[in-house]
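What follows is the residue order along each chain.
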Amino acid sequence: MKPQPGWPSSSCPSPSFSPHRVDVCVVEMRLSVAARKLWCIRKQLIVLLVPLLFLPLLFTLPEKEGKCLYVVLLMAIFWCTEALPLAVTAMLPVCLFPTLGILPSKKVCIQYFLETNFLFLSGLLMASSIEEWGLHRRIALKVLSIVGLQPAKLILGMMMTSSFLSMWLSNTATTAMMLPIANAILESLFGDLETLKEKCKSPSDPELDLINGQSSVKLHSLPSVATEKQTLSGERSEEVEQCDPRTPEEIQSEAQYQMKVWKGFLICIPYAASIGGTATLTGTAPNLILIGQLKTYFPNCELINFGSWFAFAFPLMLIFLLVGWLWIAFLYGGLSPRLCFRKNERAEAEAKAKAVIVEEYRKLGRINFAEGAISFFFILFAILLFTRDPKFFTGWSVLFKKGYVSDAVTGVIISSILFFFPSQKPSLSWWFDSRASNAPYVPLLSWKKAQESVPWNIILLLGGGFAMAKACEESGLAAWIGGHLQPLAEVPPAAAVMLITGFVACFTEFASNTATIIIFLPVIAELAIRVSVNPLYFMIPATIGCSYAFMLPVSTPPNSIAFASGHLMVKDMVKTGAVMNVLGILCVSLAINTWGVAMFNLTDNPDWAQTNKTTQVL
């Protein structure tokens, strides 16, 4: 009897040796094959089985509340497992709410393009035009050339630049743009990464010591052009071999320290991008979902707009950025008094890294007409949004009929101009020059570029969240859930803020931040009403906490991009991110209990919340 092909020889003995063990191995192999096949169709199984699993809700709970909870749980599972594309799951309310008798179609469909979606769209269009003409890269290189090239300062510069860009661009685009810049600077400071990894290994023989001695030139070489790098290495190899007095152990220790600093550079960029997105309403989707759900639950609440949010969230971003920088720089050696290498070599490497930044900036050339125009409209966009109605001084919205002009109107006006404003400087001589080109002029932003760069799936995701919130309100599900959360009334509000923020921050490590806030914000709003607390006191920290996903590579796309570089390990992100989460929760609690209380009058239970409560009771 011969073994069947495919039997693993390492785990299954020869059939002639033990027939019983062979049978066990066959069973194990078949189970393994079945498990792999089940894994391949796991998404289809989830789509088919989860609706059947939740069917008892339709018969065991009050009619409307049970039906709405059925759809909410269905969408939550699909979002968390991505059994269907996120945007497809977001469209389920269009077919499920009307057919189950929860909401009529005309009330559901209108939620997919509220004014909040237009504000988000205008922000994305502005970001697309900035990326189209490379203005974001010019800003990044300019900031890095100013902050200096000592490890702690450069980490701070990376974080400042990433957070600022992330206020206007997507977190993902910011991270994708900043990481190559960081790698170029790091290679000029520390040399080739593979050589650095070799140096981190323990020397075992004289030949490896010789390799280490020769490769130390690469540690400080210029990563611009390969031939130039080789030339520099050839010119200095003999000198380094002769005059480097360090032992192999010292070289290894220094390389390990440099590798540690390298990881700090890479990990700070996605973290700063996530932090920066919280500072503006258009910076990240959860902020806009808060606005949309406030309009659904509390239509008389007019405290949150672009200006008032920026006034609250920007100082919070700066504080968290500073605290996060101190932690990352301390953990990865940026604040260590130890020198990366000897003083003269450090100065030489920093000069080369500076040259890399200057050279990259020089390649961009002088600011052209398109970049200048985009800069103007970008600044105008920010100023108009901030000053429309910031609440702490009279904004320009008083010039129009009250309630008619919103942030969405402002954003669409500015973004629409980008589609016809020329990218080349207009010239009167063109009209009189018969030899001048008659090609159509190129605007600052084309619709083709907008179609390619705008994530339309996120807009649908926002709409699905607003539709879910509307259904939770009108079906009475939010009030029903709030009634079961009454025991939380015994928890002091300040402690409840930390618990809510911590829970949401942990949940969003495993699920999309957009899906997380869509699922939990209605419950949090109802909880605040039940315990007679200003809803904003709970809703604002929960919204910001959704962006604090630092522990896992899968938590957010910026983390995934940084992890995909291959230089970070999961344990690096968990170790750094766990403390970042704690620091973020503490910073949010500080902000909401200090200037947040003063700005939004959070100590009082406002009339707009009482009105909504009365409506639900009736």
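What this report covers is the structure whose coordinates are included nearby. (Residues numbered from 1 in each chain as written. Predicted model: local features only at pLDDT ≥ 70, side-chain atom pairs only at ≥ 80, totals over all residues. Heavy atoms only, no water.)

Some remarks on helix α24 (residues 493–507)
Here α24 contains 15 residues, and its C-alpha end-to-end distance of 21 Å stays within 8% of the 21 Å for a straight helix at 1.5 Å per residue. Among the residues of α24, A496, V497, I500, T501, G502, V504 and A505 are the ones counted as buried. Tucked inside the fold, the buried residues of α24 contact α25 (513–530), α26 (535–545) and α28 (570–593). (Helix = DSSP H or I, 4+ residues; strand = E, 2+ residues; numbered from the N terminus. Expected span 1.5 Å × (residues − 1). Buried < 20%, exposed > 50% of the residue type's maximum accessible area, 1.4 Å probe, protein only. Contact = heavy atoms within 4.5 Å.)

Notes on the environment of F310
Take F310: it is sitting in helix α17 (residues 306–331). Separated by 75 residues in the primary sequence, F310 and L385 place their C-alpha atoms 9.8 Å from one another. Filtering out sequence-adjacent residues up to four positions away, F310 remains in contact with M167, A279, T280, P315 and F386.

As for unusual backbone geometry
You will see that S532, though not glycine, has its phi angle at about 55°, which is positive. Following the sequence through the fold, S532 ends up in the loop between α25 and α26. Among the residues examined, S532 registers a relative accessible area of 44% and is labelled partly exposed. Look at N601: it is not a glycine, yet its phi comes out positive at around 50°.

Some points on a nonpolar patch on the surface
Side chains of L48, L49, L52, L55 and F59 sit close together on the surface and give an oily, nonpolar patch of about 550 Å² of accessible area. The element that contributes the greatest number of residues to the nonpolar patch is helix α2 (residues 42–53), accounting for 3 residues. Examined against the element boundaries, F59 turns out to sit in helix α3 (residues 57–60). (Patch = residues over 30% accessible without salt bridge, like charges linked within 9 Å, V, L, I, M, F, W, Y side chains within 5 Å. Areas by Shrake-Rupley, 256 points an atom, 1.4 Å probe, with all protein chains shown as cover. Salt bridge = Lys/Arg side-chain N within 4 Å of Asp/Glu carboxyl O.)

Description of the packing of aromatic side chains
On inspection of all chains with the given rule, the structure shows 25 aromatic pairs. Ring geometry for F369 versus F421: centroids 6.2 Å apart, planes at 10°, classification stacked. Taken together, the positions of F369 in helix α19 (residues 369–387) and F421 in the loop between α20 (407–417) and α21 (447–453) put the pair 52 residues apart, joining distant regions of the chain. One residue, R138, lies across the ring of Y361, its end atom 5.4 Å from the ring centre. (Phe/Tyr/Trp six-rings, centres within 6.5 Å; stacked < 30°, edge-to-face > 60°. Lys NZ or Arg CZ within 6 Å of the ring centre and 35° of its normal.)

Some words on α25
For α25, which comprises 18 residues, the first-to-last C-alpha distance of 25 Å matches the rise-based estimate of 26 Å (1.5 Å per residue) to within 8%. Within α25, 15 of the 18 residues are buried, leaving the element largely enclosed by the surrounding structure.

Notes on the packing of helix α4 (residues 63–81) against helix α6 (residues 92–99)
Two elements in contact, α4 and α6, have axes whose closest approach is 11 Å; the angle formed by their N-to-C orientations is 160°. As the angle between them shows, α4 and α6 are arranged roughly antiparallel. Crossing geometry of α4 relative to α6 is assigned as right-handed. Facing α4, whose interface residues are V71, L74, M75 and F78, α6 presents L92, P93, L96 and F97. Broken down by class, the residue content of the contact of α4 with α6 amounts to 8 nonpolar, no polar and no charged. (Axes fitted to C-alpha atoms, helices over the stretch in contact; angles between N-to-C directions. Parallel < 35°, antiparallel > 145°, perpendicular 65-115°, else oblique. Left-handed = near helix turned anticlockwise from the far one by under 90°. Nonpolar A, V, L, I, M, F, W, Y, C, P; charged D, E, K, R; others polar.)

Some words on the pattern of salt bridges
Following the criterion strictly, the structure yields 12 salt bridges and no others. Note that R138 and E371 form a salt bridge whose closest N and O atoms lie 2.9 Å from each other. Of this pair, R138 sits in helix α9 (residues 135–147) while E371 sits in helix α19, and the two are 233 residues apart along the sequence. Comparing R138 with E371 shows no difference in burial state: the two are buried. For K363, the salt bridge identified is with E360, shortest N-O distance 3.5 Å. Of the two residues, K363 and E360 are both situated in helix α18 (residues 343–363); the distance of 3 residues between them amounts to about one turn of the helix. For E360, a relative accessible area of 24% gives the class partly exposed. If you follow the salt bridges from partner to partner, you end up with K107, K470 and E474 in one network.

Considerations on the nonpolar core
Counting 159 residues, the largest nonpolar core has W79, F298, F538 and I540 as the members making the most contacts within it. If one sorts the elements of this core by residue count, α17 sits on top with 14 residues. Excluding anything up to four places from it in sequence, I540 contacts L290, I304, W309, F312, I592 and F600. (Core = buried A, V, L, I, M, F, W, Y, C linked by side-chain atoms within 4.5 Å.)

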